[in-house]
Amino acid sequence: LHEVTEGAQRVQCTYADFYKFFAPPATTCASYTANFFAYGAPGYVEDLGNGLCGYCSFKSGREFYSVLGWDEANKDRNLGILMGYFVFNIIAASFFVYLFRKPKR
């Protein structure tokens, strides 16, 4: 995904990101997928030309994060967990390098 930000920011899929399919003759991409989206499917569909349709799995950053089980209310907590994991790994790696490599010098 080219641009994914949190909140209601619209996701802009690149051509390579789209799931591509052909709509039946005499129908548009929007009319062909109307029932799909009526049942609450996430994402959006675009007409890519020559009867080719592109489906992007996410319409907004909020949809992207909801698949991961994240919520905007927990973004600071999630960032803290990721940063703690990163710092712990640096400290642990430094400790084990010091512990096992220093005596060999």
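Parameters at a glance
Residues numbered from 1 in each chain as written. Predicted model: local features only at pLDDT ≥ 70, side-chain atom pairs only at ≥ 80, totals over all residues. Heavy atoms only, no water. Helix = DSSP H or I, 4+ residues; strand = E, 2+ residues; numbered from the N terminus. Buried < 20%, exposed > 50% of the residue type's maximum accessible area, 1.4 Å probe, protein only. Contact = heavy atoms within 4.5 Å. Areas by Shrake-Rupley, 256 points an atom, 1.4 Å probe, with all protein chains shown as cover. Patch = residues over 30% accessible without salt bridge, like charges linked within 9 Å, V, L, I, M, F, W, Y side chains within 5 Å. Salt bridge = Lys/Arg side-chain N within 4 Å of Asp/Glu carboxyl O. Pairing = 2+ DSSP bridges. Disulfide = S-S within 2.5 Å.

Another point: the overall build of the protein. The secondary structure content of the protein amounts to four helices and three strands. Relative to its full complement of 105 residues, the protein shows a buried share of 21%. Partitioning the intrachain contacts of the protein with sequence separation of at least 6 by distance along the chain shows that 52% fall at a separation of at least 24. In the form shown here, the protein has an accessible surface area of approximately 8,000 Å², with 62% of it arising from carbon and sulfur atoms.

Right, let's talk about a nonpolar patch on the surface for a bit. Together, F86, V87, I90 and I91 give the surface a local cluster of nonpolar side chains, amounting to about 380 Å² of exposed area. Assignment of secondary structure puts I91 in helix α4 (residues 75-101). Assessed through its relative accessible area of 54%, I91 is described here as exposed.

This part is about the pairing of strand β2 (residues 44-49). Here β2 pairs with strand β3 (residues 52-56) via five bridges, running antiparallel. Opposite D47, over in β3, you have C53 as the bridge partner. Counting the residues that bridge the hairpin from β2 to β3 gives two residues, and of these N50 lies at a positive phi of roughly 55°.

It is worth spelling out the state of the cysteines at this point. Following the criterion strictly, the structure yields two disulfides and no others. Each sulfur in the disulfide pair C13 and C56 lies 1.7 Å from the other. Of this pair, C13 sits in the segment before β1 (19-22) while C56 sits in strand β3, placing them 43 residues apart in sequence. Judged by relative accessible area, C56 falls into the buried class, the value being 0%. In this model C29 forms its disulfide with C53; the gap between the sulfur atoms is 2.0 Å. Taking the sign of the S-S torsion, -90° for the link of C29 and C53, the bridge is left-handed. One end of the pair, C29, is in helix α1 (residues 29-32); the other, C53, is in strand β3, and 24 residues separate them in sequence. Going through the protein in sequence order and numbering each bonded cysteine, the pairs you get are 1-4, 2-3.

Our next topic: the pairing of β3. In terms of residue burial, β3 counts as a mostly covered element, since five of its five residues are buried. Residues of β3 alternate between two faces, with L52, G54 and C56 on one and C53 and Y55 on the opposite face, all of them buried. Across four bridges, β1 lies against β3 in antiparallel orientation. When the bridges of β3 are listed, F21 appears paired with C53.

Summarising the element assignment, Y32 is placed in helix α1. Y32 sits in the partly exposed class, given a relative accessible area of 44%. Between the alpha carbons of Y32 and V45 there is a distance of 9.9 Å; along the sequence they are 13 residues apart. Residue contacts for Y32: discarding those within four places in its chain leaves F21, F22, A23, P24 and T27.

Geometric descriptors of this kind do not, in isolation, establish any biological role.
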